[in-house]
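So you can see what is in the structure, the chains are spelled out below.
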Amino acid sequence: MNPIAYRDRALFCDNVALADIAADAGTPTYVYSAQAILENYRSYEAAFGAQPHTVCYAVKANGTLAILKLLAQAGAGFDIVSGGELYRVLQAGGDPKKIVFSGVGKTAPEIDAALTAGIFVFNCESEPELALIDALAHRHGIQARVAMRVNPDVDAATHAYISTGRLAHKFGVDIADAEAIYDRACQHENLRFEGVSCHIGSQLMNPEPVMEAVDRVLNLIDRLRSKGFDIRHADLGGGLGVAYKPEESTPDISSFIAQMCARLKDRGLHAMIEPGRSIVGPAGVLLTRVLYRKTTGDKNFVIVDAAMNDLIRPALYSAYHEILPVRETNGQRSIVDVVGPVCETGDFLAKDRELAEVMPGDMLAICTAGAYGFVQSSNYNARPRAAEVLVEENSWRVIRKRETNEDLVRGEVE
Ligand code: LLP
């Protein structure tokens with residue numbers, strides 16, 4: 001269920017009026033619904049049914065401690081891509097035995113920290129990385145569990161910057177070379193090859209390319225098993241998309257997972273997945289206040305207090321985010337660009353968008369901003385980063401304070 005809805009013309013997040021949050025916490029502020037996050041997570045859990053599985057939430061989508069804690073308490077595992085994300089998950093009380101460590105450029109200190117924490121598995125992306133993990137595991141006196149991330153060479157049909165499953169992309173090893181790599185890697189005595197992983201991209205609206213990749217991965221697992229490799233799990237990545245436009249519909253988590261489970265049936269494999277966006281994306285909005293309106297030539301601008309440093313997706317991927325007035329009016333609608341204060345022409349949140357007449361002081365909610373929103377924010381133009389708020393049923397609380405000017409210069413030396 002969409003947590004963001006009008007009641008008597010006032011926009012609510014669950015049972016809390018967004019205007020109340022804006023009045024108290026100020027703007028720009030990210031607001032998330034705890035209930036929506038848990039519902040999305042539980043849809044994955046429920047859809048797997050009897051199939052052994054671990055849902056590893058992709059921390060990169062939104063790594064704020066309160067959100068990680070919410071998911072950890074619900075039983076989630078975590079997909080991390082850095083030592084920083086490992087630290088966050090451990091701080092939030094996540095179970096290290098449910099952590100998968102992905103990424104093409106893991107450093108020795110990051111691998112060390114993960115070995116110390118006792119994570120479940122490293123998703124390895126190259127042979128030199130295998131050699132490094134082997135050497136470090138030796139020093140720890142343990143065997144590290146590894147899964148090669150294979151690149152199945154399928155077209156994920158998504159934005160070029162977030163498509164990862166073609167051979168021209170930097171991710172994983174060519175699936176055609178994978179068998180030979182597993183064969184060669186047997187020499188590493190401190191590694192246990194227990195899985196195979198893949199991830200073909202993000203914001204996938206169509207399950208077909210994923211199922212194509214799953215078939216290729218399962219085929220590889222059959223071949224590895226027939227050679228004697230004790231492959232126990234298949235990590236099938238994340239990537240399920242969400243509806244950003246009102247006319248789109250969000251792909252159904254249950255049917256997506258059901259299609260995966262049909263392929264996994266009777267194979268004695270533990271399934272792992274790494275969803276991020278589909279868990280937190282629709283659960284969050286970015287609240288912003290209108291500062292000014294102006295018209296130049298035939299362009300109408302609505303200038304707001306959130307900018308590309310707060311939400312970079314429109315500037316970076318030409319992404320569309322629905323924008324709703326926090327107080328609904330019957331007024332006239334007009335075509336506007338919604339822009340922020342940052343000194344770049346690329347600083348827009350919406351272009352040529354039909355929007356209800358809004359005036360300085362009015363609040364807007366930029367929708368579907370729970371994933372890849374705050375995490376990709378920066379201090380560009382020396383703008384303190386936004387506050388974050390979590391709505392829990394009828395109440396709300398600040399889960400990250402708005403940054404101050406002191407925060408902006410912390411760690412600097414004159
Ligand atoms: N696993 C791996 C190995 C990944 O690289 C990613 C996302 C995920 C899981 C989670 O994918 P999700 O379920 O969230 O689609 N900043 C971009 C998205 C980048 C995605 C990177 N990798 C955006 O704002 O659209």
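Residues numbered from 1 in each chain as written. Predicted model: local features only at pLDDT ≥ 70, side-chain atom pairs only at ≥ 80, totals over all residues. Heavy atoms only, no water.

Enquirer: Describe the overall build of the chain, listing the residues and the values that go with them.
Expert: Helices and strands together make up the secondary structure of the chain, namely 12 helices and 21 strands. Taken over C-alpha atoms, the radius of gyration comes to 23 Å for the chain, in line with the 22 Å a tight globule of 414 residues would show. Each principal axis of the C-alpha distribution contributes one length, and for the chain these read about 70 × 55 × 45 Å. The 414 residues of the chain split such that 55% are buried. A separation threshold of at least 6 residues defines the contact pool for the chain, and within that pool the share at least 24 residues apart is 69%. Accessible surface, the chain: about 17700 Å² in total, of which carbon and sulfur atoms supply 50%. (Helix = DSSP H or I, 4+ residues; strand = E, 2+ residues; numbered from the N terminus. Rg over C-alpha atoms; globule rule 2.2 N^0.38 Å. Buried < 20%, exposed > 50% of the residue type's maximum accessible area, 1.4 Å probe, protein only. Contact = heavy atoms within 4.5 Å. Areas by Shrake-Rupley, 256 points an atom, 1.4 Å probe, with all protein chains shown as cover.)

Enquirer: Mind laying out the site of the ligand, listing which residues take part and the relevant values?
Expert: Surrounding the ligand, one finds 18 residues, the nearest of these being Ser-202, Glu-274, Arg-313, Tyr-317 and Tyr-372. One of the side-chain N or O atoms of Arg-313 is found 2.6 Å from an oxygen atom in the ligand. Computed on the free molecule, the ligand has an accessible area of 590 Å², of which 92% lies beneath the protein chains in the complex. When residues of the shell around the ligand are assigned to domains, at least three map to each of domain 1 (4-32 + 281-409) and domain 2 (103-273). (Near = heavy atom within 4 Å. Polar contact = N/O pair within 3.5 Å; in protein donor to acceptor, adjacent residues only side chain to side chain. Domains from an automatic or database assignment.)

Enquirer: Account for the packing of aromatic side chains, naming residues and giving values.
Expert: In the structure shown here, the tally under the stated rule is six aromatic pairs. When the centroid spacing of 5.3 Å and the interplanar angle of 65° are considered together, the rings of Tyr-182 and Phe-193 count as edge-to-face. Here the residue Tyr-182 occupies a position in helix 7 (residues 175-185), and Phe-193 occupies one in strand 11 (residues 191-197), the gap between them amounting to 11 residues. Phe-193 matches Tyr-182 in its accessibility class, with the two residues each being buried. Here the aromatic cluster, defined as three or more aromatic residues joined through ring pairs, consists of Tyr-30, Tyr-32 and Phe-374. (Phe/Tyr/Trp six-rings, centres within 6.5 Å; stacked < 30°, edge-to-face > 60°.)

Enquirer: If you had to explain the domain arrangement of the chain to someone new, which residues and values would you point to?
Expert: According to the domain assignment, the chain consists of domain 1 (4-32 + 281-409) and domain 2 (103-273). Here domain 1 and domain 2 have C-alpha centroids that lie 36 Å from each other. In this assembly, nine residues from domain 1 lie in contact with nine residues from domain 2. Each partner contributes to the roughly 820 Å² buried at the junction of domain 1 and domain 2, and carbon and sulfur atoms together form 67% of this total. When residues of domain 1 are sorted by the area they lose upon contact with domain 2, Tyr-317, Tyr-320 and Thr-368 head the list and together hold 56% of the total. At the junction of domain 1 and domain 2, the tally comes to zero salt bridges. Its residues assigned to classes, the side of domain 1 that touches domain 2 comprises five nonpolar, two polar and two charged. (Buried area = accessible area lost by both parts, 1.4 Å probe. Salt bridge = Lys/Arg side-chain N within 4 Å of Asp/Glu carboxyl O. Nonpolar A, V, L, I, M, F, W, Y, C, P; charged D, E, K, R; others polar.)

Enquirer: Which residues make up helix 2 (residues 34-48), and what values do they have?
Expert: Taking 1.5 Å per residue, 15 residues should reach 21 Å; helix 2 reaches 22 Å between its end C-alpha atoms and fits that length. Inspection of helix 2 places Ala-34, Ala-36, Ile-37, Leu-38, Asn-40, Tyr-41, Tyr-44 and Phe-48 among the buried residues, and these make up the whole buried set. (Expected span 1.5 Å × (residues − 1).)

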